[in-house]
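Residues per chain are reported as follows:
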Amino acid sequence: MIKPMKSCGSVNIATVAEILERELHPLIEAWLVRVEKESDLTHIPLTHDERTEHLPHLLHDVINCLRMDAGTKAPISKTAGEHGDLRRKQGYTVAMMVEESRLLQVCIFTTLHENVKRLEFTALLPDVVTIADEVDAQLKEQMLRFMAADAA
């Protein structure tokens with residue numbers, strides 16, 4: 001039987017939420033680098049802030065979900081809905097929004113991989129499930145608002 005480690009030499013062990021909170025700004029910049037490599041996304045010219053201003057709020061929603069007690073239902077992200085409205089006004093398509101969301105998950109999981117030596121492993125897989133579920137729930141809310149505007 002393997003006992004969970006509390007520390008690894010001088011490396012402090014952190015929760016997934018703590019790592020994402022600490023790495024918030026580098027994660028956003030890594031996301032932007034990936035987005036800027038996608039011609040489907042960059043053919044709509046946006047400033048740095050126009051492209052990224054929603055991310056701190058969406059990521060804080062993810063972090064808050066990670067800190068919730070097991071079995072607690074996360075509230076619907078108000079920011080996600082607002083983001084869906086904004087991207088529609090900016091000329092995005094559904095496919096473009098799905099791609100942005102996919103890249104966000106890639107960047108979140110890459111950030112965790114880069115901090116693997118600092119991760120508390122006992123909660124890692126449940127936290128990965130929580131992250132995927134919350135990012136997908138945010139995308140659903142974005143799409144609902146996006147399509148509601150189209151229907152109106």
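First things first, this report covers the structure right here in the doc. The model shown is predicted, which means the values in this text are computed figures rather than measured ones. (Residues numbered from 1 in each chain as written. Predicted model: local features only at pLDDT ≥ 70, side-chain atom pairs only at ≥ 80, totals over all residues. Heavy atoms only, no water.)

Describing empty space enclosed by the protein
For step 1, the next point in the chain: Within this structure, the stated rule accounts for one cavity of 30 Å³ or more.
For step 2, the next point in the chain: There is about 90 Å³ of room inside the largest cavity.
For step 3, the next point in the chain: For the lining of the largest cavity, the per-class residue count stands at seven nonpolar, five polar and one charged. (1 Å grid on protein atoms, 1.4 Å probe; cavity = no way out; pocket = protein on both sides within 12 Å on 5 of 7 lines; lining within 4 Å. Points joined across faces, edges and corners; volume = space filled by probe spheres on them. Nonpolar A, V, L, I, M, F, W, Y, C, P; charged D, E, K, R; others polar.)

Brief notes about the side chain of Glu100
For step 1, the next point in the chain: Assignment of secondary structure puts Glu100 in helix α7 (residues 94-114).
For step 2, the next point in the chain: Contacts of Glu100, omitting those with residues within four sequence positions, involve Trp31, Leu41, His54, His83, Arg87 and Tyr92. (Helix = DSSP H or I, 4+ residues; strand = E, 2+ residues; numbered from the N terminus. Contact = heavy atoms within 4.5 Å.)

Focus: helix α8 (residues 124-151)
For step 1, the next point in the chain: A rise of 1.5 Å per residue sets the reference length of α8, with its 28 residues, at 40 Å; its end C-alpha atoms lie 40 Å apart and thus fit the reference within 8%.
For step 2, the next point in the chain: When α8 is considered as a whole, its buried residues turn out to be Leu124, Asp127, Ile131, Glu134, Val135, Gln138, Leu139, Glu141, Gln142, Met143 and Phe146.
For step 3, the next point in the chain: Against α1 (16-22), α5 (55-66), α6 (78-89) and α7 lie the buried residues of α8. (Expected span 1.5 Å × (residues − 1). Buried < 20%, exposed > 50% of the residue type's maximum accessible area, 1.4 Å probe, protein only.)

Some details on the layout of surface pockets
For step 1, the next point in the chain: Taken as a whole, the largest pocket holds about 420 Å³ of empty space.
For step 2, the next point in the chain: The element contributing the most residues to the lining of the largest pocket is α8, with eight residues.
For step 3, the next point in the chain: The residue inventory of the lining of the largest pocket, partitioned by class, reads eight nonpolar, five polar and six charged.

Focus: the packing of helix α2 (residues 24-36) against α5
Two numbers describe a pair of packed helices, the interaxial angle and the distance between the axes.
For step 1, the next point in the chain: At a closest axis distance of 11 Å, the pairing of α2 and α5 adopts a crossing angle of 120°. One way to sum up the angle between α2 and α5 is to call them oblique. Seen along the crossing, α2 lies across α5 with a hand that is right-handed. Residue-level contacts link Leu24, Leu27, Ile28 and Trp31 of α2 to Leu55, Pro56, Leu59 and His60 of α5.
For step 2, the next point in the chain: Here the contact of α2 with α5 is composed, by residue class, of seven nonpolar, one polar and no charged. (Axes fitted to C-alpha atoms, helices over the stretch in contact; angles between N-to-C directions. Parallel < 35°, antiparallel > 145°, perpendicular 65-115°, else oblique. Left-handed = near helix turned anticlockwise from the far one by under 90°.)

Some details on the pattern of salt bridges
For step 1, the next point in the chain: Applying the stated criterion to the full structure yields six salt bridges.
For step 2, the next point in the chain: Among the ionic pairs, Lys78 bridges to Glu82, the shortest N-O distance being 3.9 Å. In this pair, Lys78 and Glu82 both sit in helix α6, four residues apart, roughly one turn of the helix.
For step 3, the next point in the chain: A relative accessible area of 39% means that Glu82 is categorised as partly exposed.
For step 4, the next point in the chain: Linking Glu100 and Arg87 is a salt bridge whose minimum nitrogen-to-oxygen distance equals 3.1 Å. Taken together, the residues Glu100 in helix α7 and Arg87 in helix α6 connect sequence positions 13 residues apart. The residues Glu100 and Arg87 share a single accessibility class, namely buried. (Salt bridge = Lys/Arg side-chain N within 4 Å of Asp/Glu carboxyl O.)

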